[in-house]
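Chain by chain, the residues:
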Amino acid sequence: MNRYVVAITGASGMIYARELLAYFATRPDLELHAVISRAGEQVLHLELGLAPTDLAPGAIWHRVDDFTSGLASGSFRARAMVVIPCSMGTLGAIAQGVGRNLIHRAGEVFLKERRPLILVVRETPLSLIHLRNQVKAAEAGATIFPACPGFYHQPRNLTDLARQFAGRILDHLGLEHHLTRRWGEE
Ligand SMILES: Cc1cc2nc3c(=O)[nH]c(=O)nc-3n(C[C@H](O)[C@H](O)[C@H](O)COP(=O)(O)O)c2cc1C
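Everything in this summary refers to the structure shown in the same document.

Scoring rules and cut-offs
Every chain's residues receive numbers from 1 upward, in the order its sequence appears when written. Where totals are concerned, whole chains, interfaces and linings use all residues; where local detail is concerned, this predicted model gives features only for residues with pLDDT of at least 70, and gives and counts side-chain atom pairs only at 80 or more. The basis for every side-chain value is the complete set of non-hydrogen atoms in the structure, without hydrogens or water. Any residue under 20% of the maximum accessible area for its type is buried, any over 50% is exposed, and the rest in between are partly exposed; the area is computed with a 1.4 Å probe on protein chains only. Going along the chain from the N terminus, every DSSP run of H or I of four or more residues is numbered as a helix, and every run of E of two or more is numbered as a strand. Only strands joined by at least two bridges in the DSSP assignment are considered to pair. Place the viewer so that the strands point away; then a crossover is right-handed whenever the path from the first strand over the helix to the second strand goes clockwise. The term polar contact refers here to a pair of N or O atoms within 3.5 Å; inside protein, the definition further demands a hydrogen-donor-capable atom paired with an acceptor-capable atom, and it admits residues adjacent in sequence only when both atoms are side-chain atoms. The contact definition used throughout considers only heavy atoms, calling two residues in contact when any of these lie within 4.5 Å. It suffices for a single heavy atom of a residue to lie within 4 Å of a molecule or strand for the residue to be listed as near it. In these tables, accessible area is a Shrake-Rupley quantity obtained with a 1.4 Å probe, and a residue counts as shielded only by the protein chains included in the view. Under this scheme, a helix contributes an axis fitted over its contacting stretch, all axes are lines through C-alpha atoms, and angles between N-to-C directions fall in the 0 to 180 degree range. Oblique is the label for any angle not covered by the other classes, which are roughly parallel (under 35 degrees), roughly antiparallel (over 145) and roughly perpendicular (65 to 115). Classification used: nonpolar for Ala, Val, Leu, Ile, Met, Phe, Trp, Tyr, Cys and Pro, charged for Asp, Glu, Lys and Arg, polar for all others including Gly. To estimate the expected span of a helix, subtract one from its residue number and multiply by 1.5 Å. Salt bridges, as used here, are contacts in which a Lys or Arg side-chain nitrogen is within 4 Å of a carboxyl oxygen on Asp or Glu.

## A closer look at the pairing of strand β1 (residues 3-8)
Among the 6 residues that make up β1, 5 are buried, leaving the element largely enclosed by the rest of the structure. Looking at chain direction, β1 and strand β2 (residues 31-36) are connected through 6 bridges and run parallel. Bridged to V5 within β2 is H33. In this view, the connection linking β1 to its parallel neighbour β2 by way of helix α1 (residues 14-25) has right-handed handedness. In terms of strand pairing, β1 meets strand β4 (residues 80-86) through 4 bridges, oriented parallel. From the neighbouring strand, Y4 faces β4, where its bridge partner is A80.

Here it is, written out as structure tokens:
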């Protein structure tokens with residue numbers, strides 16, 4: 001069962017989603033299910049001038065308002081879900097268990113089924129509500145994976161930076177890749 005879920009929401013940082021999905025495009029052995037929020041579509045267009053299907057042509061796309069999707073049910077098996085980038089709105093909905101769209105519902109399902117859920121949160125500065133929601137989600141089992149790339153590997157450009165960051169997510173998913181230069185292993 002090599003199935004993964006990637007959800008894109010309307011936070012800044014679409015370049016991270018692009019690089020993560022580009023990795024999945026190189027792995028036809030993995031089944032990728034993707035979903036994007038309405039705000040996500042807007043920010044994707046603003047930041048990269050892309051439509052969702054440009055990102056992951058091989059993925060199985062789900063409509064964000066389709067609660068009949070398999071992603072809405074715990075009986076639909078998948079190894080892990082990544083929300084990238086994750087807006088404070090989606091973080092709040094998942095942390096509070098208020099499932100207003102398919103992304104919130106899928107996040108809720110991953111938590112209740114005790115499956116890995118990675119939230120690539122992005123906002124600055126953070127309000128006390130944002131901070132508390134991160135603690136709440138982490139206590140429920142999510143991994144808070146802030147969109148804070150490292151610079152010590154001296155990225156040559158933004159793509160390099162985002163690729164290295166996507167590599168760190170893949171490390172957490174236990175997926176083999178060559179996106180990250182590994183400190184102490186070069
Ligand atoms: C250009 C742009 C950048 C945004 N960046 C962020 C951000 O970094 N973090 C965030 O929480 N919201 C950000 N927002 C606001 C979210 O898109 C908005 O709160 C939206 O309701 C989130 O909905 P969603 O979680 O369903 O995608 C941004 C909006 C725009 C238009």
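## A short note on the side chain of S69
Note that S69 resides in the loop between β3 (60-62) and β4. Residue classification places S69 among the buried residues on the basis of a relative accessible area of 7%. Here H62 takes part through its side chain, which lies 2.8 Å from a polar atom of the side chain of S69.

## Let's talk about unusual backbone geometry
That bond from I84 to P85 is cis: its omega, -10 degrees, falls within 30 degrees of zero. Along the chain, the position of P85 falls in strand β4. Between T124 and P125 the backbone carries a cis peptide bond, its omega angle lying at -10 degrees. Note that P125 resides in the loop between β5 (117-121) and α6 (128-139).

## Some points on the side chain of Q164
Mapped onto the fold, Q164 is located in helix α7 (residues 158-173). Excluding residues within four positions of it along the chain, Q164 makes contact with H153, L179, T180 and R181.

## Some points on the site of the ligand
Contacts to the ligand come from 13 residues, most closely from G10, S37, S87, T90 and R122. At 3.1 Å, a backbone N or O of S12 approaches an oxygen atom of the ligand. The separation between an oxygen atom of the ligand and a polar side-chain atom of S87 is 2.5 Å. Look at the ligand: alone it shows 640 Å² of surface, and the protein chains cover 63% of it. Elements that contribute at least two residues to the shell around the ligand include exactly α2 (38-48) and α4 (88-96). Broken down by element, the shell around the ligand gets its largest block of residues, 3 residues, from α2.

## Section: the packing of α1 against α2
Running from N to C, α1 and α2 point in directions that differ by 95 degrees, and their axes come no closer than 9 Å. Taken together, α1 and α2 sit at an angle that is classed as roughly perpendicular. On α2, the residues touching M14, I15 and R18 of α1 are G40, V43, L44, E47 and L48. Among the residues making up the contact of α1 with α2, the classes are represented as 5 nonpolar, 1 polar and 2 charged.

## Structural notes on α7
Along its 16 residues, α7 runs 23 Å from first to last C-alpha, staying within 8% of the 22 Å computed at 1.5 Å per residue. Of all the positions in α7, only D160, L161, A162, Q164, F165, A166, G167, I169, L170 and L173 are classed as buried. Packing partners of the buried residues in α7 comprise β1, α1, β4 and β5. One or two steps after α7, the chain reaches G174, where phi turns positive at roughly 75 degrees.

## Here we look at the pattern of salt bridges
The full count for this structure, using the stated rule, is 12 salt bridges. One salt bridge connects R168 with D171, and the closest N-O pair in it is separated by 3.0 Å. With R168 and D171 both in helix α7, this residue pair falls 3 residues apart, about one helical turn. We classify R168 as partly exposed; its relative accessible area is 37%. The partly exposed category is assigned to D171, whose relative accessible area is 24%. Across the pair D171 and R182 runs a salt bridge whose closest N-O atoms are separated by 2.7 Å. Of this pair, D171 sits in helix α7 while R182 sits in the segment after α7, and the two are 11 residues apart along the sequence. On the basis of relative accessibility, which here comes to 28%, the residue R182 falls in the partly exposed class. Several salt bridges share partner residues, and in doing so they unite R18, E19 and R163 into one network.

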